[in-house]
Amino acid sequence: MAYEGNLSASVPEWLNKGDNAWQMTAATLVGLQSVPGLVILYGSVVKKKWAVNSAFMALYAFAAVVLCWVIWAYKMSFGDKLLPFWGKAGPALGQKYLLKQAALPATTHYHKDGSLETAMITPYYPMATMVWFQGVFAAITVILLAGSLLGRMNIRAWMMFVPLWLTFCYTVGAFSLWGGGFLFHWGVMDYSGGYVIHLSSGIAGFTTAYWVGPRSKRDRERFPPNNVLLMLAGAGLLWLGWAGFNGGDPYAANTDSSMAVLNTNICAATSLLVWTWLDVIFFKKPSVIGAVQGMITGLVCITPAAGLVQGWAAIVMGILSGSVPWFTMMILHKRWTLLHHIDDTLGVFHTHAVAGYLGGILTGIFAEPQLSSLFLPVTNSRGAVYGGSGGIQVLKQLAGGAFIIGWNAVVTSIICVVVRLVLPLRMPEEELLIGDDAVHGEEAYALWGDGEKYDSTKHGLYSDDTHHQWPSSGATQVV
């Protein structure tokens, strides 16, 4: 313990100030990945006529998930068991509940003979910290999913979609793998969300993109980012915020947390370099957007393994995460009709579904026995390279990923069909032609170009109220 005894009514004996401080810091880092991280990244990586809409989809999802999370979804993910893959719904709002010691009641793990194998997870901080920490993970999952839908999804349909997907998809994966569900007790490894977050968001995003339909023909042909430098700022928040993403999942400020943070950065750096080298070798130019994609695939790939593998394995995973998703995105995507037909705006299928499943499988290969014993409920777990039960672990990883893929593909499709009965999933053609101004009545920049429809009855020469002494001329002339 960080100290002894009750210093005040707000400092119970079980509270560890260091663990609590780190867990809240980690939660804030993950929150910053979404707001402003992905808000900035989405708003800048798209064509400028979609900057406001793309950023707002992320911001709205964050707020909506937080409210749904505390009213019913947290307990569906981490509460008492209702079904092998689902917890009992209920609010996480009362003082009595939130101030008691955090506990995940369904995580007590028993041997086949009924004797205790691993005790219930009970971190040394209040339930309020746990609820918030897990809530920002839920929020970023929905925001990642949105990356497949930018530039055409009806914003009202998105407002309806978010709580439905959180309730019927995210909570199932979270309870099954983390909250004490059947995959948790079977011993499927997912340290920090390779399956729960990335595989689910990639598959659900791809599935939703199918049901929503493609962007306008003009946008699919030309969709340049409106601000590459600002995109890099968002990517930087995403990368550094991953320290909380992976470093917070031991639920303590311990040695395994340190290992997870270091491995995260090793894999991300390796993956970024490999993706960039492949771009130079095959396309003769290093792409900045490509480097960000490589960074993301590295972060995603190491997520299920962050605190379970050694540093050399993180490098191997980085090499594979920088090359396998690169191949599926740059080569396979153009040759496979299904991938080419479905308009996945930011390639979330490749950067999250492919990289997440790849990371989960590699975890089953490289998980080190001693590191595994620090985190997993099933004792003697190990990766295939360490012999013993390692070969079976790879099969478990494949099966666990297959469940997440199947559930998200089917249930996301059902959700889209239900929403479509109430609201059109895709924007009308006139909104697709104009963009932000038609959808929100707001624009990111007082500039014109890139093929947006200019309406002189709405927009004067200047879009602000500044009075100019001299008329604009030359390169600054508004055409």
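Data block above holds the structure.
These lines cover the structure that appears in this document, whether it is placed above or below. Values in this document were obtained by computation on a predicted structure and should not be read as measured data. Every chain is numbered independently, its residues counted from 1 as its sequence is written. Where totals are concerned, whole chains, interfaces and linings use all residues; where local detail is concerned, this predicted model gives features only for residues with pLDDT of at least 70, and gives and counts side-chain atom pairs only at 80 or more. Side-chain measures were taken over the full set of non-hydrogen atoms in the model, leaving aside hydrogen atoms and water.

A word on the side chain of D256
- For helices the rule is a DSSP run of H or I covering at least 4 residues; for strands it is a run of E covering at least 2, with both sets numbered from the N terminus onward. Mapped onto the elements of the fold, D256 is located in helix α10 (residues 255-283).
- R382 provides the closest opposite charge to the buried, unpaired D256, separated from it by 16 Å.
- Between N or O atoms, a polar contact is any pair within 3.5 Å; within protein, one atom must be a potential hydrogen donor and the other a potential acceptor, and residues adjacent in sequence are included only when both atoms are from side chains. Of note is the side chain of D256, whose polar atom sits 3.1 Å from the side chain of Y191.
- Residue contacts follow a heavy-atom distance rule, with two residues in contact if any of their heavy atoms lie within 4.5 Å. Those residues within four positions of D256 in sequence are excluded, and the remaining contacts are Y191, P250, G307, L371, L374 and F375. Burial classes follow relative accessibility: with a 1.4 Å probe on protein chains only, a residue under 20% of its type's maximum area counts as buried, one over 50% as exposed, and anything between as partly exposed. Note on charges: Lys and Arg go in the positive column, Asp and Glu in the negative column, and His and the chain ends are not counted at all. In what follows, salt bridge is the name for a side-chain nitrogen of Lys or Arg lying within 4 Å of a carboxyl oxygen of Asp or Glu.

Focus on the packing of aromatic side chains
- Within 6.5 Å between ring centres, the rings of Phe, Tyr and Trp (the latter by its six-membered ring) count as paired, and their orientation is classed by plane angle as stacked under 30 degrees, edge-to-face over 60, tilted in between. Counted by the stated rule, this structure contains 24 aromatic pairs.
- Their ring planes at 50 degrees and their centres at 5.3 Å tell us that F85 and W407 sit as a pair that is tilted. With F85 in the loop between β1 (81-83) and β2 (86-87) and W407 in helix α16 (residues 390-422), this pair connects stretches of sequence that are 322 residues apart.
- Residue W407 is classed as partly exposed on the basis of its relative accessible area of 22%.
- Between Y210 and W211, the ring centres sit 5.3 Å apart and the planes meet at 80 degrees, which makes this aromatic pair edge-to-face.
- With a relative accessible area of 47%, Y210 lands in the partly exposed category.
- What links up through ring pairs into an aromatic cluster is the set F85, W86, F168, F182, F403 and W407.

A few points about the nonpolar core
- Here, nonpolar core refers to any group of buried Ala, Val, Leu, Ile, Met, Phe, Trp, Tyr and Cys residues whose side-chain atoms link them within 4.5 Å. The biggest cluster of nonpolar side chains holds 102 residues, and the ones touching the most others in it are Y42, Y74, W158 and Y170.
- The leading source of residues in this core is helix α4 (residues 127-146), at 14 residues.
- For Y170, the residues in contact, after removing those within four places along its chain, are W69, S77, Q134, F137, A138, T141, W165, W178, V196 and I197.
- Residues C301, A305, V309 and M317 belong to the second largest nonpolar core, which totals eleven residues.

Points about the environment of W407
- With 204 residues separating them along the chain, W407 and I203 place their C-alpha atoms 9.5 Å apart.
- When sequence neighbours within four positions are dropped, the list of residues in contact with W407 reads F85, F168, C169, V172 and T412.

Remarks on the pattern of salt bridges
- Counted according to the given criterion, the structure contains six salt bridges.
- In this structure, the salt-bridge partner of E221 is K217, at a minimum N-O distance of 2.5 Å. With E221 and K217 both in helix α8 (residues 217-221), this residue pair falls four residues apart, about one helical turn.
- Given the relative accessible area of 57%, E221 is considered exposed.
- Judged by its relative accessible area of 63%, K217 falls in the exposed class.
- One network of salt bridges, with partners in common, ties together K47, K49 and D219.

Some words on helix α12 (residues 311-335)
- With 25 residues, α12 should reach 36 Å at 1.5 Å per residue; the first-to-last C-alpha distance of 35 Å fits that figure.
- In this scheme, the bend at a residue equals the angle between the axes fitted to the seven residues that finish there and the seven that begin there. The largest bend in α12 amounts to roughly 30 degrees and is located at M329.
- Within the sequence span of α12, burial applies to A313, A314, M317, G318, S321, G322, P325, W326, T328, M329, M330 and H333.
- The elements touched by buried residues of α12 are α10, α11 (288-302), α13 (337-341) and α14 (348-366). Expected span of a helix, by definition, is 1.5 Å for each gap between consecutive residues, and there is one gap fewer than residues.

In short, geometric facts, not functional conclusions.
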